[in-house]
Amino acid sequence: RLIRRQRQMCIRDSKFPIESITYVLEDKAYYDVVYKNLPSSVKNSLKNHRLRVVFKSPRLFLRENQNKFDLAVVYLPDPSNLVINAFFTEDFYSLLKKNLSPRAVVATRIRSAENFIGQEIRNYGSSVYYTLRSVFPKIVIIPGEINWFLAADLDSPLTEDPLVLEQRLGEFIPSKFSFKPQAFPSLLLKERMEFVRSM
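Novice: So what's going on with the overall build of the chain? Which residues, and what values?
Specialist: A tally of helices and strands in the chain yields nine helices and seven strands. Counting contacts in the chain only where the partners sit at least 6 residues apart, residues at least 24 apart contribute 61% of the total.

Novice: An account of the packing of aromatic side chains is requested, with residue identities and associated values reported.
Specialist: Evaluated as defined, the whole model comprises eight aromatic pairs. Centroid distance Tyr-31 to Tyr-35: 6.0 Å. Interplanar angle 20 degrees. Geometry classified as stacked. Remark: Tyr-35 and Tyr-31 occur in helix H1 (residues 28–36); sequence separation between them is four residues, near one turn of the helix. For Tyr-35, a relative accessible area of 24% gives the class partly exposed. Each residue in the set Tyr-31, Tyr-35 and Phe-55 is aromatic and connected to the rest through ring pairs, giving one cluster. Positioned over the ring face of Phe-136 is Lys-97, at 5.6 Å from the centre of the ring.

Novice: Can you explain helix H5 (residues 90–97)? Please cite residues and give values.
Specialist: Every buried residue belonging to H5 is among Phe-92, Tyr-93, Leu-95 and Leu-96, and all of these are buried. Down the axis of H5, the sector holding all buried residues measures 160 degrees, keeping them to one side.

Novice: Before we move on, can you summarise the pattern of salt bridges with the specific residues and values?
Specialist: Taken as a whole, this structure holds six salt bridges when the rule is applied. A salt bridge links Lys-28 to Asp-32; its shortest N-O distance comes to 3.0 Å. Pair noted here: Lys-28 and Asp-32 are both in helix H1, with a separation of four residues, about one helical turn. Accessibility expressed as a relative area gives 35% for Asp-32, which makes it partly exposed.

Novice: So, the confidence of the model for the chain: which residues are in play, and what are the values?
Specialist: Residues of the chain with pLDDT of at least 70 account for 87%, and the chain-wide mean is 84. The weakest mean pLDDT in the chain belongs to strand S1 (residues 2–4) at 50; the strongest belongs to H5 at 96. Scored below 50 in pLDDT, residues 3–13 makes 35 contacts in the model with residues more than four places away or belonging to other chains.

Novice: Which residues make up the nonpolar core, and what values go with them?
Specialist: Judged by nonpolar contacts, the single largest core of 29 residues is most densely connected at Tyr-93, Leu-96, Leu-100, Leu-132 and Phe-136. The set of elements that each furnish at least two residues to this core consists of helix H3 (58–64), strand S4 (69–74), H5, strand S5 (100–111), helix H6 (119–133), strand S6 (138–142) and strand S7 (146–152). Aside from chain neighbours lying at most four places away, what touches Leu-100 is Lys-68, Phe-69, Ala-72, Val-106 and Phe-136.

Novice: An account of the side chain of Asn-65 is requested, with residue identities and associated values reported.
Specialist: Relative to the elements of secondary structure, Asn-65 occurs in the loop between H3 and S4. In terms of polar contacts, Asn-65 uses its side chain to reach the side chain of Asn-99, at 2.7 Å.

Novice: Can you explain the side chain of Asn-99? Please cite residues and give values.
Specialist: Structurally, Asn-99 is set in the loop between H5 and S5. The buried category is assigned to Asn-99, whose relative accessible area is 3%. With residues near it in sequence (within four places) discarded, Asn-99 still touches Leu-62, Asn-65, Asn-67, Lys-68 and Phe-69.

Novice: Mind laying out the layout of surface pockets, listing which residues take part and the relevant values?
Specialist: Roughly 600 Å³ of internal volume is contained in the second largest pocket. Along the wall of the second largest pocket there are 22 residues; nearest its centre are Val-24, Leu-25, Pro-58, Tyr-75 and Leu-76. Secondary structure elements with two or more residues in the lining of the second largest pocket: strand S2 (20–25), H3, S4, helix H4 (82–85) and H5. Looking at the lining of the second largest pocket, its residues break down into 19 nonpolar, no polar and three charged.

Novice: How would you sum up the pairing of S5? Please name residues and give values.
Specialist: By the criterion of burial, S5 is predominantly enclosed, with nine of the twelve residues buried. Both S4 and S5 contribute to a ladder of five bridges, which runs parallel. Each residue of the ladder has a partner; that of Ala-72, found in S5, is Val-106. Bridge count for S5 against S7 is six bridges, and the pairing is antiparallel. Within the sheet, the bridge partner assigned to Ile-110 lies in S7 and is Asn-147.

Procedures and definitions
Residue numbers run consecutively from 1 along every chain, following the written order of its sequence. With pLDDT at 70 or above as the cut-off, local features in this predicted model cover only qualifying residues; side-chain atom pairs require 80 or more to be listed or tallied, and sums for whole chains, interfaces and linings still use all residues. The side-chain values count all of the structure's non-hydrogen atoms but skip hydrogen atoms and water molecules. Each helix is a run of DSSP H or I of at least 4 residues and each strand a run of E of at least 2, with the numbering of both proceeding from the N terminus. We call two residues contacting when some pair of their heavy atoms lies within 4.5 Å. Aromatic pairing here means that ring centres of Phe, Tyr or Trp (its six-membered ring) are within 6.5 Å. Orientation follows from the plane angle: under 30 degrees is stacked, over 60 is edge-to-face, and everything else is tilted. Exposure is judged per residue with a 1.4 Å probe applied to protein chains only, and the accessible area is read against the type maximum: over 50% gives exposed, under 20% gives buried, and values in between give partly exposed. Distance and angle both matter: a charge sits over a ring if NZ of Lys or CZ of Arg is within 6 Å of the ring centre and within 35 degrees of the ring normal. Comment: arc refers to directions from the helix axis out to C-beta atoms. We define a salt bridge as a contact between a side-chain nitrogen of Lys or Arg and a carboxyl oxygen of Asp or Glu at a distance within 4 Å. Summary of the metric used: pLDDT quantifies the predictor's per-residue confidence within the range 0 to 100. For the purposes of this section, nonpolar cores are sets of buried Ala, Val, Leu, Ile, Met, Phe, Trp, Tyr and Cys residues that join through side-chain atoms within 4.5 Å. Two N or O atoms count as a polar contact when they lie within 3.5 Å, although within protein this holds only if one can serve as hydrogen donor and the other as acceptor, and sequence-adjacent residues are included solely when both atoms are side-chain atoms. Grid points spaced at 1 Å over the protein atoms alone were grouped into cavities, where a 1.4 Å probe fits but cannot get out, and pockets, open sets with protein on both sides within 12 Å along at least five of seven lines, with lining residues defined by an atom within 4 Å of a point. Grid points are joined across faces, edges and corners, and a volume is the space filled by probe spheres set on the points. Residue type decides the class: Asp, Glu, Lys and Arg count as charged, Ala, Val, Leu, Ile, Met, Phe, Trp, Tyr, Cys and Pro as nonpolar, and the leftover types, Gly among them, as polar. Should DSSP find at least two bridges between two strands, the strands are regarded as paired.

Following this line, the structure appears as structure tokens:
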């Protein structure tokens, strides 16, 4: 999922300032089956003119794309076969970087455990970390049952400081939004983050 942002614009019914979202996936048949079974309210949201769904190989899309994105979310299963592994490589991250604005952030994830990191998770977690690090010098890991890896260039505003994030989100978050900015300090526990990084 690739997002371009503009502060003065909002996707209708969206709570955040977004110019456009591009959702790239290869399997149109899967999308059609899921779409057919969605509630009407969700279907209506997907019809928003600022949401573009592209049915194409993500690599091919990135090679042909002419736009720069501020956020790329690589939301896939864990790297467990050759097809999925291809999205966790230095080659893919380098291609992705060419499609990003200078202060952009990449988000990707792997399964983990809340209080224990086994050898297998440690091994491919390390692989994801160092592969991302070979392309993006700034890495933040958000631990949990899913470990989120956020990656960016050095001049990106990416941070793991919960007080900075609380202040940033507090500046524009809608009053009825379910996630409260004050939750960042309990979500981003320094000791937990350092433990996951050391593993």
